[in-house]
Amino acid sequence: MSKPIFYYHPFSGPCRTVSTVAKILNVDMEMKKLDLLTKEHLNPEFLKVNPFHKVPTFVDSDGFVVDESRVIAMYLVESRKPDSFLYPKNDLKKRIQIDRWLHYDINLSTTISAPMFCVFRGHQVQDYQVEQGKETLKTLDGVMQSFEGKFLTGADQFTLADIAMYFSLNTMEVYPKYFKFDDYPNLKSWYHRVAEALKQYDTEGTIPKAIETMKQFIQQRAAEAEKH
Ligand SMILES: N[C@@H](CCC(=O)N[C@@H](CS)C(=O)NCC(=O)O)C(=O)O
């Protein structure tokens, strides 16, 4: 049977969520990089696979196509290892907690990346975007005050929710101009806790290397955009 295909871009947080989950579950995928900068994702060939032209896109060995990182992550667990701690099949309440955080993360990632995307597109960052991001992060930081070394479901083990939110919050690490981890100490501790926990599955240090490369790229792009 052929390997499943994974369409990705190395700078994409949602793609890193999927590749990390695949790594933890030992899913061997054929990696197909699409260069978003040269608009490879708009190729007619890829549009046939995913008319929404988004990475990550996962095509299973039987041709079944899934996109949306959090859904791909759920699908990987369900189809490969349904009893995994990442999204445990037989623990309804834990799964609902994970779902809750995954849904929350969709809004969080959009909110905190909005100013950065404005800069890239040459638009003026609006005060309300920064205020909204700061309010969201302040609330999240307050909630995390009671975490005391735990992960998002309140347990000692991370899940899909921690992985997805960790990669969404990479934005704050690579582009700290508007939102800084130092202003949110509980969030910062949780973020480092996830980074630490993922190390055992990332023995080659691929994740920090990717974040560093992205940081350089983003800061260079932002500096160029701000000149104009
Ligand atoms: N909610 C989606 C977001 C996917 C997304 O926006 N991907 C970006 C790269 S990070 C992309 O493919 N952009 C190209 C485009 O929108 O045409 C997910 O979590 O997978």
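Since we're looking at a predicted model, the values are computed, not measured.

Participant: Sorry if this is basic, but what is going on with the side chain of Ser12 here?
Facilitator: As for its placement among the helices and strands, Ser12 is situated in the loop between strand S1 (5-8) and helix H1 (13-24). The buried category is assigned to Ser12, whose relative accessible area is 10%.

Participant: Would you take a moment to explain the domain arrangement of the chain for this structure?
Facilitator: Interfaces are often sized by the accessible area lost when the parts come together. Segmenting the chain into domains produces domain 1 (5-80) and domain 2 (92-227). Listed per partner, the contact involves 14 residues of domain 1 and 22 residues of domain 2. Broken down residue by residue, the surface that domain 1 buries against domain 2 is led by Phe11, Arg16 and Arg70, which jointly contribute 41%. Our count for the contact surface shared by domain 1 and domain 2 stands at 2 salt bridges. For the salt bridge of Glu78 with Arg95, the shortest nitrogen-to-oxygen distance reads 2.2 Å. Counting the contacts that link domain 1 with domain 2 gives 5 residue pairs in polar contact (both at pLDDT 80 or more).

Participant: Help me understand the pairing of S1, please; the structure alone is not making it clear to me.
Facilitator: The side chains of a regular strand alternate, first on one face of the sheet and then on the other. Of the two faces of S1, the one carrying Ile5 and Tyr7 and the one carrying Phe6 and Tyr8 are both buried. Bridge count between S1 and strand S2 (residues 30-33): 4 bridges; the pairing is parallel. Across the sheet, the residue bridging to Tyr7 is Lys32, located in S2. Crossover handedness for the path S1 to H1 to S2: right-handed. Taken together, the 3 bridges between S1 and strand S3 (residues 57-59) define a ladder with antiparallel strand orientation.

Participant: Mind showing me how you'd approach helix H6 (residues 160-174) here?
Facilitator: Every α-helical turn comprises 3.6 residues, leaving residues that sit three or four positions apart pointing alike. The terminal C-alpha atoms of H6, which comprises 15 residues, lie 22 Å apart, in line with the 21 Å expected from a rise of 1.5 Å per residue. Approximately 30 degrees is the largest bend angle found in H6, and it occurs at Ser168. Among the 15 residues in H6, 14 count as buried, and that is most of the element.

Participant: Help me understand the UniProt feature "domain: GST C-terminal" (unreviewed entry) in the chain in this model?
Facilitator: Summarizing the sequence annotation, UniProt attributes the feature "domain: GST C-terminal" (unreviewed entry) to residues 91-217 in the numbering used throughout. In this annotation, residues 91-217 is assigned 69% helix and 0% strand; the end-to-end C-alpha distance for the span is 41 Å.

The rules we used
- Residues numbered from 1 in each chain as written.
- Predicted model: local features only at pLDDT ≥ 70, side-chain atom pairs only at ≥ 80, totals over all residues.
- Heavy atoms only, no water.
- Helix = DSSP H or I, 4+ residues; strand = E, 2+ residues; numbered from the N terminus.
- Buried < 20%, exposed > 50% of the residue type's maximum accessible area, 1.4 Å probe, protein only.
- Domains from an automatic or database assignment.
- Contact = heavy atoms within 4.5 Å.
- Buried area = accessible area lost by both parts, 1.4 Å probe.
- Salt bridge = Lys/Arg side-chain N within 4 Å of Asp/Glu carboxyl O.
- Polar contact = N/O pair within 3.5 Å; in protein donor to acceptor, adjacent residues only side chain to side chain.
- Pairing = 2+ DSSP bridges.
- Right-handed = clockwise from strand over helix to strand, strands pointing away.
- Expected span 1.5 Å × (residues − 1).
- Bend = angle between axes of the 7 residues up to and from the residue.
- UniProt positions renumbered as here; feature names shortened; annotations may be inferred.

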